Amino acid sequence: LSQRLALLQGLMDANGHVLSLGQCSFATLNKGLVEGVAELVRSLGSKVSIGRQDSRHCVRFSTSLSVFRDPSKLERHLKLSKSSRASKRRYITKIE
């Protein structure tokens, strides 16, 4: 878990953004990288959406995890995610 989170933090510090409602966004020209980031975020328990933003591929997600190490991005994410209902996680509750 800690290695996956550290990898996501590095990616988000480089190409990640915090949107107005506390949602996180990662955008790049490389579709495969976006799909990999989406899978990484899913493995940490968050829902994702993949789309296009101008000419770039983009993944968006909401999480209460600290996905940034950059102080300004981290502060913005913590502030906006607390003030919105965007921070939802998925949990396994039953296996049959």
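You'll find the structure just up there.
Residues numbered from 1 in each chain as written. Predicted model: local features only at pLDDT ≥ 70, side-chain atom pairs only at ≥ 80, totals over all residues. Heavy atoms only, no water.

Chemist: Summarise the pattern of salt bridges; cite the residues concerned and give the values.
Modeler: This structure, assessed with the given rule, holds two salt bridges. The salt bridge involving Arg-42 is made with Glu-39; its shortest N-O contact spans 3.6 Å. Taken together, the residues Arg-42 and Glu-39, both in helix H2 (residues 31-43) and three residues apart, mark about one turn of the helix. By relative accessible area, which is 35% here, Arg-42 ends up partly exposed. A relative accessible area of 47% places Glu-39 in the partly exposed class. As a salt-bridge pair, Glu-96 and Lys-94 come within 3.3 Å of each other at their nearest N and O atoms. Assessed through its relative accessible area of 83%, Glu-96 is described here as exposed. Taking relative accessible area as the criterion, Lys-94 reaches 61% and is therefore assigned exposed. (Salt bridge = Lys/Arg side-chain N within 4 Å of Asp/Glu carboxyl O. Helix = DSSP H or I, 4+ residues; strand = E, 2+ residues; numbered from the N terminus. Buried < 20%, exposed > 50% of the residue type's maximum accessible area, 1.4 Å probe, protein only.)

Chemist: Describe the side chain of His-57, with residues and values.
Modeler: Relative to the assigned elements, His-57 resides in strand E4 (residues 56-61). Judged by relative accessible area, which is 14%, His-57 ranks as buried. A distance of 3.1 Å separates the side chain of His-57 from the side chain of Arg-52, its partner in a polar contact. Aside from chain neighbours lying at most four places away, what touches His-57 is Phe-26, Ala-27, Thr-28, Leu-29, Asn-30, Lys-31, Val-34, Gly-51 and Arg-52. (Polar contact = N/O pair within 3.5 Å; in protein donor to acceptor, adjacent residues only side chain to side chain. Contact = heavy atoms within 4.5 Å.)

Chemist: Can you lay out the sheet that holds E4 for me, pointing to particular residues and giving the numbers?
Modeler: Sheet architecture is open: four strands sit in the order E1-E2-E4-E3, paired in antiparallel fashion. Since the sheet does not close on itself, it has two edges, and those belong to strand E1 (16-18) and strand E3 (48-53), each with one partner. Each strand of the sheet is rotated relative to its neighbour by a mean of 25°, with strand direction disregarded. Strand contacts of helix H1 (residues 2-15): E1, strand E2 (24-28) and E4, with the helix running at about 70° to E2, the strand carrying the most contacts. Against the sheet, H2 engages E2, E3 and E4, with an angle of about 10° to E4. (Pairing = 2+ DSSP bridges. Axes fitted to C-alpha atoms, helices over the stretch in contact; angles between N-to-C directions.)

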